[in-house]
Number of protein chains: 2
Amino acid sequence: MNLKELSTILGLSQTTVSRALNGYPEVNEATRQRVLVAATQHNYRPNTRAKGLATGRALAIGHVIPMATKHEMVNPIFADFIAGAGETYARNGYDMVISVVDDGDEAQVYRNLKARGTIDGVILHGPRMNDPRIPLLDEIGLPYGVHGRASGINTPYCWLDVNNRSAFRRATDFLLDLGHRRIALVNGLEFMDFAHRRRGGYEDALRARGVPIDTALMRSDEMTEVFGYRSAVEMMARPEPPTAYLVASMICALGVRRAIEEAGHVLGRDISVVTHDDMLSYLQNGGDVPIFTATRSSVREAGRLLAELLLDRISDTTAPPGHILLEAELMVGRSTGPLATPALPNSAKD
Amino acid sequence: MNLKELSTILGLSQTTVSRALNGYPEVNEATRQRVLVAATQHNYRPNTRAKGLATGRALAIGHVIPMATKHEMVNPIFADFIAGAGETYARNGYDMVISVVDDGDEAQVYRNLKARGTIDGVILHGPRMNDPRIPLLDEIGLPYGVHGRASGINTPYCWLDVNNRSAFRRATDFLLDLGHRRIALVNGLEFMDFAHRRRGGYEDALRARGVPIDTALMRSDEMTEVFGYRSAVEMMARPEPPTAYLVASMICALGVRRAIEEAGHVLGRDISVVTHDDMLSYLQNGGDVPIFTATRSSVREAGRLLAELLLDRISDTTAPPGHILLEAELMVGRSTGPLATPALPNSAKD
DNA sequence: AATCATCTTCAAAGCGCTTTGGATGACCGA
DNA sequence: TCGGTCATCCAAAGCGCTTTGAAGATGATT
């Protein structure tokens, strides 16, 4: 069923039917009702492509997700972010177009999407420091919203970020307050902006207390379970092993926990762990009491909000680009405790 | 830059330029080269919507991913599957359109996508037994490929599945061979087809050895870490706890492991665990030696292959729908071992 | 009764592409 | 010389929608 057929059935012109459906005022209210009824009755939906051609808008947003070529690694937070953004798009009648791209080929993909008119705007995932994609998108003239920020880029752009610096500073402070001094940082790849900022927060906190920053207690890589495990194993083998770990993601923290328990330690008693929890739907941090003490911020909510920001930007190009800085909350769970006094065996206790 | 502009620059008609670019024979080879050069030079890309309008094809595939409304739960294998399918689409010039939908609203979404002509076909995720979406898609006339199968539906359709039944039968056999008799099944939701089949394989194996099937050793729910943990905790508290666990996913197995280690047992010595490993990029099963003994099958590869199957189906509607049954391999890791001979008190037993 | 403003409605022109159904020569054999 | 066959190229129609510019109908105004 297309417009032409529908209008023939109704004995009206395409113009009138189109206007009736799109809520234009210059159509008799009775006629509009008649049209509306007929449209639902015949299950009419305007053809996306035709509508797009006529209006010049695609009513679609692209997500270009970079894939680490080396490990064919897709960021696990992606699914939940998409789910959140998808809600916003659905509410606003937009489609979501996804391209999974080897990092490096991205520029071509953006140009393509723009030139072919597939989308009206794009979400940029996984920004790096001085990320070249941002000036690129400005140059191309494709509206965008960044999930995160890019240190070093000072032109205004639309973004949503978690305050990673303050989150990790607070987490570090929390561990310092518990008496820990040898605090390890198991971080994401530090050319990624978020990881860079987290490290900044960690160092700020240490510096503020005069605790020396020891690069031997810092690791940085893709945030897999195995990476968490290996990092903890290595650092536990040191003459002066860390008494606490600050970890960049839940998955990574699971690896750290494995190492800790495999070594016969009790999490939260012998060794403390704080992680960042993106609140992924399939990786909830325990039940009532969180397993891990964690800085927490919903990546799904981030998806919802950033999508809104971008749609706003598209509908009003003149307004300055919006941005949102989310504060993560620190949830105290069972994975942290005061620095274990290496005094007599714990027989006295318990 | 559009066709009209490009053809003006070249001093040719739109027809000729179009044909040159699309590889039609009736254009002089010299002219074609001239066109090709000009096209790349001016960064020309045909407008997707216009092309779609003219050809009647969208050059896009939809993925409708159902979301458990209750828990806002998105299946974690989704990201990797998408990455695989995305590769195939990119290679074939297709876009990927994703809709995240509350389960229940799906029918409307499919009708919409079809009526609006947004896509040429769709991938159906998470099929259930007698899944009503399959007859629905047949009725609508929207080509589709199913990731999995739907028991109870006997009309031919295009699918790709892992042989879940044989995989879980083999895994169970493996545990039986090691001497285990009380083998727990920590399964996914059993109205999902894959979980149903896995349970079938598990029961087949037990039955074949005359081992009684004990529903007290079976759990079924969404495959989260917490679910794995709780299931194991509960079952370990039984008077005759399982000596081995067959678990439906890595994430779930992480929870089972947590419960086991928290109870002071050693994984692979005191208690065995076999899981299914979808080879998710961010959840690799250990390094050289897998942590978990697992039935293994790459969900990313599944994405690649199913996408190909669907594109084939779309390009040749007359051919019978293709399907692929992947066999999972059983990787022996460190989480399994022979039945521990009960040393002290339990020695009288059995 | 003629004029005008106000509602409604419509025909037709695009949006950028593919594709049908010719043109236009060049070349060839008769 | 002429019709016929190819090889190239083109004008124009059409895909399904929005939107511009106008026209008819109605009622109010003079």
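Look up a bit, the structure's there.
Residues numbered from 1 in each chain as written. Chains lettered and ligands numbered in written order. Predicted model: local features only at pLDDT ≥ 70, side-chain atom pairs only at ≥ 80, totals over all residues. Heavy atoms only, no water.

As for the protein's contact with DNA strand D
1) Next: Close to DNA strand D lie 29 residues, the nearest being Leu3(A), Ser18(A), Arg19(A), Tyr24(A) and Thr15(B).
2) Next: Backbone atoms, meaning sugar plus phosphate, form 60% of the atoms of DNA strand D positioned within 4 Å of the protein.
3) Next: In the model, a base oxygen of DNA strand D is placed 3.1 Å from a nitrogen or oxygen of the Thr15(A) side chain.
4) Next: For DNA strand D, a phosphate oxygen lies 3.1 Å from a polar atom in the backbone of Asn28(B).
5) Next: Elements with a contribution of two residues or more to the surface near DNA strand D: α2 (14-21) and α4 (48-55) of chain A together with α2 (14-21) and α4 (48-55) of chain B.
6) Next: Among the elements that take part in the surface near DNA strand D, α4(A) stands out by supplying 5 residues, more than any other.
7) Next: Among the residues making up the surface near DNA strand D, the classes are represented as 11 nonpolar, 13 polar and 5 charged. (Near = heavy atom within 4 Å. Polar contact = N/O pair within 3.5 Å; in protein donor to acceptor, adjacent residues only side chain to side chain. Helix = DSSP H or I, 4+ residues; strand = E, 2+ residues; numbered from the N terminus. Nonpolar A, V, L, I, M, F, W, Y, C, P; charged D, E, K, R; others polar.)

A look at the protein's contact with DNA strand C
1) Next: Near DNA strand C, the surroundings consist of 29 residues, among which Thr15(A), Glu26(A), Leu3(B), Ser18(B) and Arg19(B) are the closest.
2) Next: For DNA strand C, the fraction of protein-proximal atoms (within 4 Å) that sit in sugar or phosphate groups is 64%.
3) Next: Contact between DNA strand C and Thr16(A): a phosphate oxygen at 2.9 Å from a side-chain N or O atom of the residue.
4) Next: Within the side chain of Tyr44(B), a nitrogen or oxygen atom sits 2.9 Å from a phosphate oxygen of DNA strand C.
5) Next: Take the surface near DNA strand C: its biggest share by element is 5 residues, from α4(B).
6) Next: Its residues assigned to classes, the surface near DNA strand C shows 11 nonpolar, 13 polar and 5 charged.

A look at the relation of the copies chain B and chain A
1) Next: Once chain B is rotated about the relating axis by 180° and shifted along it by 0.0 Å, it coincides with chain A to within an RMSD of 0.0 Å. Taken together, the rotation and translation describe the operation of a two-fold axis.
2) Next: A share of 98% of interface residues in chain B that are also interface residues in chain A marks the association as one of identical surfaces. (Least-squares fit on C-alpha atoms with pLDDT ≥ 70 in both. Contact = heavy atoms within 4.5 Å.)

Concerning the sheet that holds strand β10 (residues 293-296) of chain A
All names here are of chain A.
1) Next: Taken in spatial order, the 6 strands line up as β7-β6-β8-β9-β10-β12 in an open sheet, and their pairing is mixed. Among the strands making up the open sheet, the edge pair consists of β7 (218-220) and β12 (329-331). Between one strand axis and the next, the sheet turns by 15° as a mean value, whatever way the strands run.
2) Next: Pairing of strand β6 (residues 183-187) with β7, which is carried by 3 bridges, proceeds in the parallel orientation. In the sheet register, Leu-185 faces β7, and the bridge partner there is Met-218.
3) Next: Those strands touched by helix α8 (residues 164-177) are β6, β8 (244-247), β9 (272-277), β10 and β12, and its axis lies near 170° from that of β8.
4) Next: Packed onto the sheet, helix α9 (residues 193-208) meets β6, β7, β8 and β9 and runs at close to 170° relative to β6. (Pairing = 2+ DSSP bridges. Axes fitted to C-alpha atoms, helices over the stretch in contact; angles between N-to-C directions.)

Describing the packing of α2(A) against helix α3 (residues 29-41) of chain A
Residue and element names in this part refer to chain A.
1) Next: At a minimum axis distance of 9 Å, the contact between α2 and α3 shows a crossing angle of 85°. As judged from the angle between their axes, α2 and α3 are roughly perpendicular. Residues Thr-16, Val-17, Arg-19, Ala-20 and Leu-21 of α2 touch α3, and the partners they reach there are Thr-31, Arg-32, Val-35, Leu-36 and Ala-39.
2) Next: A per-class count over the contact of α2 with α3 returns 6 nonpolar, 2 polar and 2 charged. (Parallel < 35°, antiparallel > 145°, perpendicular 65-115°, else oblique.)

Focus on the interface of chain B and chain A
1) Next: Between chain B and chain A, the residue contacts involve 54 residues of the former and 53 residues of the latter.
2) Next: For the chain B and chain A pair, buried surface summed over both sides reaches about 4,800 Å², with 54% attributable to carbon and sulfur atoms.
3) Next: The three residues of chain B that bury the most area against chain A are Arg45(B), Arg49(B) and Tyr282(B), which together make up 16% of that side's buried surface.
4) Next: Looking at the side of chain B that touches chain A, the elements with two or more residues in it are α4, α5 (78-92), β2 (95-102), α6 (106-116), α10 (225-236), α11 (250-262) and α12 (299-315) of chain B. (Buried area = accessible area lost by both parts, 1.4 Å probe.)

Any functional reading would require information that these geometric values do not contain.
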